[in-house]
Amino acid sequence: MNGNSLIEVKNLNKSFGDFPVLKNINETINEGEVVSIIGPSGSGKSTFLRCLNLLEQPSSGKVLFEGVNLTDKRVHLDKHRQKIGMVFQLFNMFTHLKVIDNITLTPILQKKVPKKEAEKKACELLERVGLLDKKDSYPGTLSGGQKQRLAIVRALAMEPKVMLFDEPTSALDPEMVKEVLDVIKDLADRGMTIVIVTHEMNFAKEVSDRVLFMADGVIQEKGSARDFFNNPTHPRTIEFLSKVL
Ligand code: ADP
Ligand code: MG
């Protein structure tokens, strides 16, 4: 891990109507860090993650990515967003496109990568996650775990600077959780900056550098993974951990 900040969140507020979901959040994600976000359902974890790439428009505050304020209307958002990969709980594949074409579509269209080059890169990535033999299959024929590995490859094909994961294993059958977490762990080992919302406490403990605990739209407690799990101090954290560990 090095110390350069990649994402800086400053005084971030988000309301849906009159309902405040994120309340003055300040946080910095450094290059190479793996940060897990945990907390009860409805606490604002997904909204926070979606604000990082402006899938949600903050009500106020700033999100700086590589020093550029993404909330500035003059910023060419798509150009910066290309560098922020995202994987959701459930992934929408293009079901009429083969696996390989699902991966190469965006690099070809948005980054003007030549088709041959995009396919070569896609094959390398598929091999890395054990899916090379599926390159000419259609997504509908894949298992949940394979689909999620494909979703990760699809994001990686854009060569992002950071990967955001929103509960990437929550919709999977238990036997498929590990194959997806192993891919994410491998990414972490390769130095990728990762922000992941997860209920997998062992993963948060073992793979992340830092843990953020969200409740009621604020980061109630944060720390190194070790400190966080060994010595939680906030009553809400202690209560939450007592239920999930
Ligand atoms: P989490 O991911 O921690 O479960 P969310 O960020 O999804 O929490 O949601 C936080 C709160 O914001 C919840 O009360 C949810 O109902 C509300 N919320 C999320 N998205 C919307 C939306 N698009 N419109 C209205 N309310 C929303
Ligand atoms: Mg969520």
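Residues numbered from 1 in each chain as written. Chains lettered and ligands numbered in written order. Predicted model: local features only at pLDDT ≥ 70, side-chain atom pairs only at ≥ 80, totals over all residues. Heavy atoms only, no water.

Where an unreviewed UniProt entry is consulted, the protein appears under the name Amino acid ABC transporter ATP-binding protein, with the organism given as Alkalibacterium iburiense. UniProt's Subcellular location (unreviewed entry) comment on the protein is quoted here verbatim: "Cell membrane". (UniProt positions renumbered as here; feature names shortened; annotations may be inferred.)

So, on to the UniProt feature "domain: ABC transporter" (unreviewed entry) in the protein. Within this structure's numbering, the places UniProt gives as "domain: ABC transporter" (unreviewed entry) are residues 7-241. As a span, residues 7-241 carries 38% helix and 26% strand, and end to end its C-alpha atoms are 27 Å apart. (Helix = DSSP H or I, 4+ residues; strand = E, 2+ residues; numbered from the N terminus.)

Our focus in this paragraph is the packing of aromatic side chains. In the structure shown here, the tally under the stated rule is 2 aromatic pairs. On the numbers, 5.3 Å between centres and 50° between planes, the contact of Phe 213 with Phe 240 is tilted. One end of the pair, Phe 213, is in strand S9 (residues 210-215); the other, Phe 240, is in helix H9 (residues 235-244), with 27 residues separating them in the sequence. No difference in accessibility class separates Phe 213 from Phe 240, as the two residues are buried. With a centroid separation of 5.2 Å and an interplanar angle of 80°, the aromatic rings of Phe 228 and Phe 229 are classed as edge-to-face. The exposure class assigned to Phe 229 is buried, which follows from its relative accessible area of 9%. Against the face of Phe 229 rests Lys 205, its NZ or CZ located 5.6 Å from the ring centre. (Phe/Tyr/Trp six-rings, centres within 6.5 Å; stacked < 30°, edge-to-face > 60°. Buried < 20%, exposed > 50% of the residue type's maximum accessible area, 1.4 Å probe, protein only. Lys NZ or Arg CZ within 6 Å of the ring centre and 35° of its normal.)

Okay, the nonpolar core next. Counting residues in each nonpolar core, the largest one holds 35 residues, and the members touching the most others are Ile 103, Ile 152, Met 163, Phe 165, Ile 184, Leu 187 and Ile 194. Every element with two or more residues in this core is listed here: helix H3 (99-111), helix H4 (115-128), helix H5 (144-156), strand S7 (162-166), helix H6 (174-189), strand S8 (193-197) and helix H7 (201-207). Core analysis: the second largest hydrophobic core is formed by 28 residues, Cys 51, Leu 52, Val 162 and Val 195 among them. (Core = buried A, V, L, I, M, F, W, Y, C linked by side-chain atoms within 4.5 Å.)

With respect to the helices and strands, the residue Asn 30 is situated in strand S2 (residues 19-30). A relative accessible area of 19% means that Asn 30 is categorised as buried. Here Ser 5 takes part through its backbone nitrogen, which lies 3.5 Å from a polar atom of the side chain of Asn 30. (Polar contact = N/O pair within 3.5 Å; in protein donor to acceptor, adjacent residues only side chain to side chain.)

Once that is clear, we can look at the sheet that holds strand S4 (residues 60-65). Strand order in the open sheet made by the 4 strands is S2-S1-S4-S5, with antiparallel pairing throughout. Strand pairing shows two members of the sheet lacking a second neighbour, S2 and strand S5 (68-69), which therefore form its edges. Sheet strands touched by helix H1 (residues 45-52): strand S1 (5-16), S2 and S4. Its angle to S1, the strand with the most contacts, is close to 125°. (Pairing = 2+ DSSP bridges. Contact = heavy atoms within 4.5 Å. Axes fitted to C-alpha atoms, helices over the stretch in contact; angles between N-to-C directions.)

What follows covers the pairing of S2. Across 8 bridges, S1 lies against S2 in antiparallel orientation. Among the inter-strand pairings, Ser 15 is bridged to a residue of S2, identified as Pro 20. Between the antiparallel neighbours S1 and S2 lie 2 residues, among them Gly 17 with a positive phi of about 60°.

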